[in-house]
Amino acid sequence: MSRPRKEKSRPSNDMTLEIAEVAPGGDGVAIVTHQGERRAVFVRGAAPGDRIEARVDFGPRPARGQLRNVVGAGVDRVEPACPHTMRCGGCNWMQIANDAQTRIHLEHLRAALPEAWREHPVESVRATSALRYRTRARVHVRASGGRAIVGMHAPSSHEPIEVDACTVLHPTIERARLELEPRFERAHGTGDVEIALGPPVENDDERGHVLSVRWSGALPGEVYARFERALTPTGETGLRGASIVCGEATRPAVIGDPTPWMAGADGSPLQLAVGGFAQASEEGNLLLARRVGELAASALSSVPNAHIVELYAGAGNFTVLLAPHGQLVAVESHAGACRAAQANLSARGLAGAKVVEADASTYALPKALHLLVLDPPRTGARAVCEQVAGLRNPPRFLLYVSCDLATLGRDLHTLSPLYRPHTLEAFELFPQTSHLETVVLLERVR
Ligand SMILES: C[S@@+](CC[C@H](N)C(=O)[O-])C[C@H]1O[C@@H](n2cnc3c(N)ncnc32)[C@H](O)[C@@H]1O
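Reading the values: the criteria
- Residues numbered from 1 in each chain as written.
- Predicted model: local features only at pLDDT ≥ 70, side-chain atom pairs only at ≥ 80, totals over all residues.
- Heavy atoms only, no water.
- UniProt positions renumbered as here; feature names shortened; annotations may be inferred.
- Helix = DSSP H or I, 4+ residues; strand = E, 2+ residues; numbered from the N terminus.
- Contact = heavy atoms within 4.5 Å.
- Buried < 20%, exposed > 50% of the residue type's maximum accessible area, 1.4 Å probe, protein only.
- Polar contact = N/O pair within 3.5 Å; in protein donor to acceptor, adjacent residues only side chain to side chain.
- Pairing = 2+ DSSP bridges.
- Axes fitted to C-alpha atoms, helices over the stretch in contact; angles between N-to-C directions.
- Phe/Tyr/Trp six-rings, centres within 6.5 Å; stacked < 30°, edge-to-face > 60°.

- Going by the annotation in an unreviewed UniProt entry, the name recorded for the protein is Class I SAM-dependent RNA methyltransferase, with Pendulispora rubella given as the source organism.

Below is the structure:
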């Protein structure tokens, strides 16, 4: 007599699943029949081709599976470089080989494109470092009873979890992260700390870091005193400055110089805004920004004194490369980023470019425009693309830099009747994660 199948004695939601593919959000997807219905089950931490045991919750749609055990590894599965990957919300693709990450990203990018553009060639640009690349980190602090926990968010949660080492952080950022916990001793409350790099120096080992702290209530004086004592001079790795905003305060307490910096793609340092946007990887950004500059230059090569608008300009990462090609207006909503962009332009003798502090989504585009550059946040640029689609004379070239495939796809659909793809490039700026940076240069068809 054959033994009864083990699955039958389990509760119905403990299942063996075959992972058919990975969804753009990063989860593995299995298709199962549940109560006579075909259901998709999304599982964090799964790789394509995996056979896994999972506890499945059919309540939400799609259903959610919690990975219990990998019983058969798919060909793309690797041993994660970090032991915390299932507890930490930071890197959702540590279990997928780097080559496969790139292949899946390209599949996701193609699927997001308007159908008529899916055969267009897509270049993939690999990150030079797949570990220790993040030059910016946000960590979460919870302090009570004299002790503080500094950690990353758990997946789909705002609870900080402690990790003894983070393999994707740049060594300077990782050192700074590990120094934080004792600095918050005897504090009470919760907070977020952004860790970024200080000004570039010749020897990268001597690069300092800066902190931007946002705390729920008041912080005791001894915490400020610890940050002050930690300040280190240029030429030594350590803290260059901190900006601390507590409770409802609108102005920060400033210790040292908290200005974050990164290497600019034109070879000069680029000042960033405290609390403003910064690309996640300095090294990856050099590849990205250089390419944006090259594509703009090639699009405008036959247009003397071109009119260029750059929306979502940040602190001028691309602005300083676009400004030499014509009359440029850069639009950004963060006041500190606008000041930094202006300073970066002035430091390069490019003060003729105009920086406008405004909402890009309602910014009225000028009638004659040769190039429009967009680098929106993950929510994309729906209103801008609708405005472009309604213009009598849309810009001849549109360069869209995106960090979110879903909103990029939506916006390209709006633009597709007017434009054809000139260049499509996928930048692996966030290795070990499902996130992808995309650069799309479009040329007007009529
Ligand atoms: C993805 S970042 C790009 C910044 C810059 N291109 C860079 O590479 O550093 C998006 C920028 O858009 C800004 N932003 C977000 N919403 C905005 C809006 N409605 N209007 C103008 N700028 C906005 C953010 O402050 C941020 O600086």
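## What about the UniProt feature "active site" (unreviewed entry) in the protein?
No. 1: In the numbering adopted here, UniProt assigns the feature "active site" (unreviewed entry) to Cys403.
No. 2: Tracing the chain through its elements places cysteine 403 in the loop between β21 (397-402) and α9 (405-415).
No. 3: Cysteine 403 has contacts with Pro376, Pro377, Arg378, Leu436 and Glu437, leaving out every residue within four places of it along the chain.

## Describing the side chain of threonine 407
No. 1: Looking at the element boundaries, threonine 407 is found in helix α9.
No. 2: In this structure threonine 407 comes out as buried when scored by relative accessible area, which is 11%.
No. 3: A polar atom in the side chain of threonine 407 sits 2.8 Å from the backbone oxygen of arginine 378.

## Quick notes on unusual backbone geometry
No. 1: With an omega of 0°, the peptide bond running from arginine 61 to proline 62 counts as cis.
No. 2: Within the element layout of this structure, proline 62 appears in the loop between β5 (51-57) and β6 (63-72).
No. 3: The backbone phi angle of arginine 186 is positive, close to 65°, even though this residue is not glycine.
No. 4: Along the chain, arginine 186 falls in the loop between α3 (171-183) and β11 (189-197).
No. 5: The backbone of tyrosine 312 sits at a positive phi, close to 60°, despite the residue not being glycine.

## Comments concerning the sheet that holds strand β19 (residues 354-357)
No. 1: Strand order in the open sheet formed by eight strands is β7-β22-β23-β21-β20-β17-β18-β19, with mixed pairing between adjacent strands. At either margin of the open sheet sits one strand with a lone partner, and together these are β7 (123-125) and β19. Averaged over all adjacent pairs, the angle separating strand axes in this sheet is 15°, with direction ignored.
No. 2: Along the sheet face, helix α7 (residues 335-347) touches β18 (326-332) and β19 and points at about 175° away from the line of β19.

## Re the pairing of strand β8 (residues 136-144)
No. 1: Where β8 lies against β11, eight bridges are found, and the strand directions are antiparallel. Counterpart to valine 139 in the pairing with β11 is valine 193.
No. 2: Two strands pair when backbone bridges link them, and β8 and strand β9 (residues 147-153) are joined in this way by five bridges, in the antiparallel orientation. Note that in β9 the partner of arginine 142 across the bridge is isoleucine 149.

## Some words on the packing of aromatic side chains
Each aromatic ring pair is characterised by the separation of its centres together with the angle its planes make.
No. 1: The tally for this structure, following the rule as stated, stands at two aromatic pairs.
No. 2: Taking 5.7 Å as the distance between ring centres and 75° as the angle between the ring planes, the aromatic pair formed by phenylalanine 184 and phenylalanine 227 counts as edge-to-face. Of the two residues, phenylalanine 184 is situated in the loop between α3 and β11 and phenylalanine 227 in helix α4 (residues 221-230); the sequence distance between them amounts to 43 residues.
No. 3: In this structure phenylalanine 227 comes out as buried when scored by relative accessible area, which is 0%.
No. 4: Taken together, the ring pairs connect Phe184, Trp215 and Phe227 into an aromatic cluster.

## Here we look at the UniProt feature "binding site: S-adenosyl-L-methionine" (unreviewed entry) in the protein
No. 1: The UniProt entry lists Gln279, Tyr312, Glu332 and Asp375 under the feature "binding site: S-adenosyl-L-methionine" (unreviewed entry), expressed in the numbering used here.
No. 2: Turning to its location among the elements, glutamate 332 is positioned in strand β18.
No. 3: Here the side chain of glutamate 332 touches glycine 314 through a polar contact of 2.7 Å, landing on its backbone nitrogen.
No. 4: Of note, aspartate 375 is situated in the loop between β20 (371-374) and α8 (382-389).
No. 5: Once you skip the residues sitting within four places of it in the chain, aspartate 375 turns out to touch Gln279, Leu311, Tyr312, Phe318, Val401 and Glu437.

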